[in-house]
Amino acid sequence: MEALYHVAPFTGYIYPNESVVPWTVLIVIYPYLTGLVAGAFTMSSLYQVFGMQRFKPVAHFAMLTSLCCMLIVPLPLLLHLGHAERALNPMITPHTTSAFAVFGYAAGFYVVLLLLENWFVFRPHIVQQAQQRKGLLGLFYRVLTLGSYDLSEKAMSYDRKWIFALAVVGIPGAHGLHGYVGFVFGSLKSREWWSSDLMPPIFLFSAIISGVSLLIVLYALSCKLRKVPIDLDCVKGMAYTLWGFMMFALMLEAVEFASLMYRGREGIEMILEYVKGPLVIPFWTVQLGICSLLPVLLLSFMIWQGTKGKTLIVGVVTCAMLVLVGVLMMRWNVVIGGQEISKTGKGLLTYHMPWVEQESGLTAAILLMAPFVLLAVAVRLFPPWEDGKAAH
Amino acid sequence: MENKVEKLEEDGRRKFLRLFGAAIGGGGMAIAANSLLPEAAATETPAKAAIPAIPGYDWSQHHWAFGVDATKCIGCLRCVEACKVENNVAKDPNHFRTWVERYVTLEGEEKARIDSQQDPVNIAAAGAEGKYRFANRYKDAKVEKAFFVPKLCNHCTHPACVQVCPTGATYKTDDGVVVIDHTYCIGCQYCVQACPYGARFFNEEKRVTDKCTWCYHRITKGLNPACVEVCPVSARVFGDRNDKQSPISIFLRNNRVTVLKPESGNAPNVFYVGIDKEVG
């Protein structure tokens, strides 16, 4: 039988109620997925809004990826709630002083925006399929046309205007949504580890690098699966984008950490103990060393050397995979880390993640895989490839 | 003709899309703007519309507050036990509406050693998880200074927990008590995170957050909170600040008091006498 709760071992002095860690691994997954949404949308906007042609091969794919991740975002929250059946209460009676009250609206708005933009982008395909296909799949596409079969130049130009407008609105939308996730943590004055004005931009830039990395990995994988050559120019562009945004992300994190240490407010001794002890592996070694500095150095080296061909692809994909792990670790170190430092400033806790129950490693793994299962289906229904070759 | 109909439908859809986008965007912005208002707004209680119908009780006539005289507390933990029984709090060492901390400074040491009834050594001394006592763990040490500090929800004037609650399930009543509507709480535990005092916990049975209510069911009937009632040394003081002769009014008049973590801006309403600098 599943335990009602897990007691976290502690050292020093903690408040008695702190011994049960309130936010578990699922609250690590939630900002991670939201970040992937924002990052993937950024990639798509670079083409849709800023007209960067080299990103054309991944622009539509990025949009689908963003949507598939966004559809899963509410799940970790729902699974975490004590009363999931009351999940709509914040939307029915939003308590307007709460940073979290707006989530339902912000997420709802963004899902609608993504659905609309995807609909406009894939409308020609939907109409074409609706006219060609019979049976259930035909019906599916016919419903999706929403009764509009007009593919005339006038209609398409109208669609393009909408795509552009939605992408423009989507930039502050996606980034606002994720910056706001950072605000949920940064605005809490009860925990020194979270309480920082820099938390929203830190979340935002780490989100962008995770989204770009995800697209690098997925694009390379999809090309391999579809047996089509990878567009090197596109991969190189994404590598530059990753490198650029990583500079911001790393700088912001460094500044935030330096400020925390330099301010040295009450409880800093415990934070230092935490930083020097439990954080050696998850933060210094994995997040910073292997998954941040190593990819930056590797990317810098490849850019400097002008690496080309397969070496470039392998190198960039490796970096992207490391960054994906690094951002996940960043979420972990923020969400779990904040709770492992006691509010007393005089004790440390250790969160032990259970493996098989509602809020466990298994659930987290399923939630992390879910967007890609959706995506695998979505790319078959709505092929986003510019080269026209469908997935096998 | 068909084209015209199609055109009309298309126009309708466009208008709908525009309106829909504007409505959702506008609504979201309004809420986002409101959520940035200062915490003073947190006290704007959604419960104002629904004053509880307690016979013979008018919450606008009271202003409850709590006092703790740490110089009197003997660490007997009867308050903790009474609270657990009165409020049906889980009898384990991880969920408390009130608790007591022990601060002991040994000779030659600068920092106090702190523990509460939750410490494994104290649980072992009590003999069971549902029983509470402080182990005599310093009997062979040279103690320079020692004192006990009862803790509970501070029922703050600007409660961070109320500010962050996404549904308004937790709110501040007109008589100054912060309560939780267990039938409306979604159990997100954002309030647990926001409370700087560790006063909130997750009620595993009801799947909602829980905390001290100053025994609201008792005080609205003219009784004291259970912890105050059982305290053998009157270390806990409770009363109505609107009544100048109430125990709390006298306590506040006769003592120089302090509150916990005043820098948090929460403005607690549990006032302490006789605590040391490291108490937070």
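Residues numbered from 1 in each chain as written. Chains lettered and ligands numbered in written order. Predicted model: local features only at pLDDT ≥ 70, side-chain atom pairs only at ≥ 80, totals over all residues. Heavy atoms only, no water.

Attention now moves to the overall build of chain B. Helix and strand counts for chain B come out as eight helices and 10 strands. Excluding contacts between residues fewer than 6 apart, the proportion of contacts in chain B whose partners are at least 24 apart in sequence is 62%. Carbon and sulfur atoms make up 54% of the accessible area of chain B, which totals about 13000 Å². (Helix = DSSP H or I, 4+ residues; strand = E, 2+ residues; numbered from the N terminus. Contact = heavy atoms within 4.5 Å. Areas by Shrake-Rupley, 256 points an atom, 1.4 Å probe, with all protein chains shown as cover.)

Along chain A, the regular secondary structure elements total 13 helices and two strands. With respect to the principal axes defined by its C-alpha atoms, chain A has extents near 70 × 55 × 40 Å. Counting over 392 residues, chain A shows a buried share of 59%. Sequence-distant contacts, at least 24 apart, represent 78% of the contacts inside chain A between residues at least 6 apart. As displayed, chain A has an accessible area near 16000 Å², and 71% of this comes from carbon and sulfur atoms. One finds the centroid of the 26 positive side-chain charges in chain A at a distance of 11 Å from the centroid of its 21 negative side-chain charges. (Buried < 20%, exposed > 50% of the residue type's maximum accessible area, 1.4 Å probe, protein only. Lys, Arg positive; Asp, Glu negative; His and termini not counted. Charge placed at Lys NZ, Arg CZ, Asp CG, Glu CD.)

So, about the nonpolar core. With 145 residues, the main nonpolar core has A:Met43, A:Met70, A:Tyr110, A:Phe185, A:Trp193, A:Met238 and B:Tyr190 as its most contacted residues. Considering each element in turn, this core owes the most residues, 16 residues, to helix 8 (residues 199-226) of chain A. Of all hydrophobic cores here, the second largest spans 46 residues; its members include B:Ile114, B:Phe134, B:Cys153 and B:Val228. (Core = buried A, V, L, I, M, F, W, Y, C linked by side-chain atoms within 4.5 Å.)

Quick look at the interface of chain A and chain B now. In many analyses, interface size is given as the accessible surface area lost on bringing the parts together. Listed per partner, the contact involves 54 residues of chain A and 71 residues of chain B. Summed over both partners, the interface of chain A with chain B buries about 5200 Å², with 56% contributed by carbon and sulfur atoms. The interface formed by chain A and chain B contains zero salt bridges. Here chain A and chain B share 39 residue pairs in polar contact (both at pLDDT 80 or more) between them. Broken down by secondary-structure element, the contributors of at least two residues to the side of chain A that touches chain B are strand 1 (10-13), helix 4 (89-92), helix 5 (103-132) and helix 7 (153-186) of chain A. In terms of residue class, the side of chain A that touches chain B is built from 31 nonpolar, 16 polar and seven charged. (Buried area = accessible area lost by both parts, 1.4 Å probe. Salt bridge = Lys/Arg side-chain N within 4 Å of Asp/Glu carboxyl O. Polar contact = N/O pair within 3.5 Å; in protein donor to acceptor, adjacent residues only side chain to side chain. Nonpolar A, V, L, I, M, F, W, Y, C, P; charged D, E, K, R; others polar.)

Residues and elements named next belong to chain A. Here alanine 174 lies in helix 7. On the basis of relative accessibility, which here comes to 1%, the residue alanine 174 falls in the buried class. Taking the C-alpha atoms as reference points, alanine 174 and serine 152, separated by 22 residues in sequence, lie 31 Å from one another.

Below, the discussion takes up the pattern of salt bridges. All names here are of chain B. Counting across every chain of the model gives 14 salt bridges over all chains. Between aspartate 119 and arginine 137 there is a salt bridge, with the nearest N and O atoms lying 3.2 Å from each other. Taken as a pair, aspartate 119 in the loop between strand 3 (113-116) and helix 3 (120-126) and arginine 137 in the loop between helix 3 and strand 4 (143-152) lie far apart in primary sequence, 18 residues in all. Look at arginine 137 and you get partly exposed, because its relative accessible area is 34%. For aspartate 276, the salt bridge identified is with lysine 145, shortest N-O distance 2.4 Å. Here lysine 145 lies in strand 4 and aspartate 276 lies in the segment after strand 10 (270-273), a separation of 131 residues in the sequence. Given the relative accessible area of 24%, aspartate 276 is considered partly exposed.

Glancing now at the sheet that holds strand 2 (residues 98-106) of chain B. Residues and elements named next belong to chain B. Taken together, the three strands give an open sheet; going across it, the order is 3-2-4, and neighbouring strands pair in antiparallel fashion. Since the sheet does not close on itself, it has two edges, and those belong to strand 3 and strand 4, each with one partner. Sheet twist, expressed as the mean angle between neighbouring strand axes with direction ignored, is 20°. Two strands pair when backbone bridges link them, and strand 2 and strand 3 are joined in this way by four bridges, in the antiparallel orientation. Pairing of tyrosine 103 across the sheet is with isoleucine 114, part of strand 3. (Pairing = 2+ DSSP bridges. Axes fitted to C-alpha atoms, helices over the stretch in contact; angles between N-to-C directions.)

Further remarks concern the environment of B:Asn255. Residues and elements named next belong to chain B. Structurally, asparagine 255 can be placed in the loop between helix 8 (247-254) and strand 10. Note on asparagine 255: relative accessible area 27%, which makes it partly exposed. A polar side-chain atom of asparagine 255 sits 2.9 Å from the main-chain carbonyl oxygen of phenylalanine 251.

Attention now moves to unusual backbone geometry. Residue and element names in this part refer to chain B. Within the chain, arginine 207 stands out as a residue other than glycine whose phi angle is a positive 60°. Position of arginine 207 relative to the elements: it lies in the loop between strand 7 (201-203) and strand 8 (208-210). Of the residues examined, arginine 207 reaches a relative accessible area of 25% and is grouped as partly exposed. Although it is not a glycine, cysteine 215 sits at a positive phi angle of roughly 50°. Taking relative accessible area as the criterion, cysteine 215 reaches 6% and is therefore assigned buried.

This part covers the sheet that holds strand 9 (residues 236-240) of chain B. Residue and element names in this part refer to chain B. Taken in spatial order, the three strands make up an open sheet running 9-1-10, and their pairing is mixed. Every interior strand has two partners, whereas the edge strands, strand 9 and strand 10, have only one. The mean inter-strand angle of the sheet, taken between neighbouring strand axes irrespective of direction, is 20°. As judged from the five bridges shared by strand 1 (residues 64-69) and strand 9, these two strands associate in the antiparallel manner. Within strand 9, the residue paired with phenylalanine 66 across the bridge is phenylalanine 238. Here helix 8 sits on the sheet and contacts strand 1, strand 9 and strand 10; the angle it forms with strand 9, its principal contact strand, is near 115°.

With five of five residues buried, strand 9 of chain B lies mostly within the body of the structure. Alternating positions in strand 9 of chain B separate into two faces, B:Arg236, B:Phe238 and B:Asp240 on one and B:Val237 and B:Gly239 on the other, with burial throughout.

Residues and elements named next belong to chain A. Look at helix 2 (residues 56-72) against helix 8: their axes get within 11 Å of each other, and the N-to-C directions meet at 115°. Considering their axes alone, helix 2 and helix 8 lie roughly perpendicular with respect to each other. Relative to helix 8, the crossing made by helix 2 is right-handed. In this structure, helix 2 uses Pro57, Val58, Phe61, Ala62, Thr65 and Cys69 to contact helix 8, whose residues at the interface are Leu214, Leu215, Leu218 and Tyr219. Its residues assigned to classes, the contact of helix 2 with helix 8 shows nine nonpolar, one polar and no charged. (Parallel < 35°, antiparallel > 145°, perpendicular 65-115°, else oblique. Left-handed = near helix turned anticlockwise from the far one by under 90°.)

Residues with a pLDDT of 70 or more make up 81% of chain B, whose mean pLDDT is 87. Note on residues 1-10 of chain B: pLDDT under 50 across the span, and one contact to partners over four residues away in sequence or across chains. (pLDDT = per-residue confidence, 0-100.)

Scanning the entire structure with this criterion turns up 34 aromatic pairs over all chains. Ring geometry for A:Phe122 against A:Phe382: centres 5.8 Å apart, planes inclined by 45°, an arrangement best described as tilted. Of this pair, A:Phe122 sits in helix 5 while A:Phe382 sits in the segment after helix 13 (361-381), and the two are 260 residues apart along the sequence. Each member of the pair A:Phe122 and A:Phe382 is classed as buried. Every member of this aromatic cluster is reached through a ring pair, and the members are A:Trp23, A:Tyr30, A:Phe100, A:Phe103, A:Phe185, A:Trp194, A:Phe203 and B:Tyr190. Above the plane of the ring of A:Trp119 lies A:Arg123, whose end atom (NZ or CZ) is 5.9 Å from the centre. (Phe/Tyr/Trp six-rings, centres within 6.5 Å; stacked < 30°, edge-to-face > 60°. Lys NZ or Arg CZ within 6 Å of the ring centre and 35° of its normal.)

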